[in-house]
Amino acid sequence: MTKTKYKLLVISLFLIGIITLTKVDAITNELPLLGRVIFVDPGHGGRDPGTSYGKIQEKDIVLEISNILRDQLSEKGAIVYMTRETDTDLSSEWDERKKRGDLYRRILMYKKYNAELYLSIHINYYQDTSESGAEVLYHPINAQNKIFATILMNNFKTALGSRRKLKTTDLYMYQNTTVPGVLIECGFLSNPNERYLLQQESYQRKLSQVITDSVITYFNN
Ligand SMILES: [Zn+2]
């Protein structure tokens, strides 16, 4: 090989390298969740409506939010599974304790599909109708839960003006899985203003966006 040919070869390889790196960079920028396995878990369903106000039921609103969240996470490259996609609960007709059976099967799904993160979507209710704001609860069974919960709660404060605080939970479902994840209470059905907002697609999108951004921050760290 002549010197000139050798120089040309080196320059070509160098350029190919730059182009490849730029492409990889572009993919990671556009698809920051590429290949991440995430479970979106709309609470309740079927025989279990969750909390309600008149005909407005938690199980329906959390499914709407979860569908939007699934799409937003998928657009960022994640492999997203849902614990339910219709108005059903996961208990079996043989379960003596239906609620326990329902929650147990949700946990089994995380394990079966090797979930890296689960997001349980719920809505709050309180006698004092002035209570409002999205909040995050976690179980200290692993270190990641608190890390993700802190990111998300801070984003709820800055992006949605929530004044709520990070809390822990020892509910059955959260103390029985080591898969990282949190319980998200999207707002209060008991608060008239938030009750209105939670039913609006625009607000559901905003909520989902905050959750999606938080998931990206979590996996980037
Ligand atoms: Zn709930």
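No experiment lies behind these values; they were computed from the predicted model shown.

Chemist: A description of the sheet that holds strand β4 (residues 79-82) should follow, citing residues and the corresponding values.
Modeler: The 6 strands are arranged β4-β1-β5-β8-β6-β7 in an open sheet whose pairing can be described as mixed. Where the open sheet ends on each side, the last strands, each with one partner, are β4 and β7 (167-168). As paired strands, strand β6 (residues 135-138) and β7 are joined by 2 bridges and run parallel to one another. Bridging across to β7, leucine 137 finds its partner in lysine 167.

Chemist: Provide a residue-level description of the packing of helix α4 (residues 143-160) against helix α7 (residues 201-220), including the pertinent values.
Modeler: Running from N to C, α4 and α7 point in directions that differ by 140°, and their axes come no closer than 9 Å. Classed by the angle they form, the pair α4 and α7 counts as oblique. Remark: the crossing between α4 and α7 carries right-handed chirality. Here α4 contributes Ile147, Phe148, Ile151, Leu152, Asn155, Phe156, Ala159 and Leu160 to the contact with α7, which in turn contributes Val210, Ile211, Asp213, Ser214, Thr217 and Tyr218. Along the lines of polarity and charge, the residues of the contact of α4 with α7 split into 10 nonpolar, 3 polar and 1 charged.

Chemist: Requested: an account of helix α2 (residues 58-75), with residues and values cited.
Modeler: Three- or four-residue spacings in an α-helix give side chains the same orientation, since the helix completes a turn every 3.6 residues. For α2, which comprises 18 residues, the first-to-last C-alpha distance of 26 Å matches the rise-based estimate of 26 Å (1.5 Å per residue) to within 8%. Of the positions making up α2, those classed as buried are Glu58, Lys59, Ile61, Val62, Leu63, Ile65, Ser66, Leu69, Arg70, Gln72 and Leu73. Remark: glycine 77 follows α2 within two positions and exhibits a positive phi of approximately 100°.

Scoring rules and cut-offs
- Residues numbered from 1 in each chain as written.
- Predicted model: local features only at pLDDT ≥ 70, side-chain atom pairs only at ≥ 80, totals over all residues.
- Pairing = 2+ DSSP bridges.
- Helix = DSSP H or I, 4+ residues; strand = E, 2+ residues; numbered from the N terminus.
- Axes fitted to C-alpha atoms, helices over the stretch in contact; angles between N-to-C directions.
- Parallel < 35°, antiparallel > 145°, perpendicular 65-115°, else oblique.
- Left-handed = near helix turned anticlockwise from the far one by under 90°.
- Contact = placed C-beta atoms within 7 Å.
- Nonpolar A, V, L, I, M, F, W, Y, C, P; charged D, E, K, R; others polar.
- Expected span 1.5 Å × (residues − 1).
- Buried ≥ 20, exposed ≤ 12 C-beta atoms within 10 Å, placed from the backbone.

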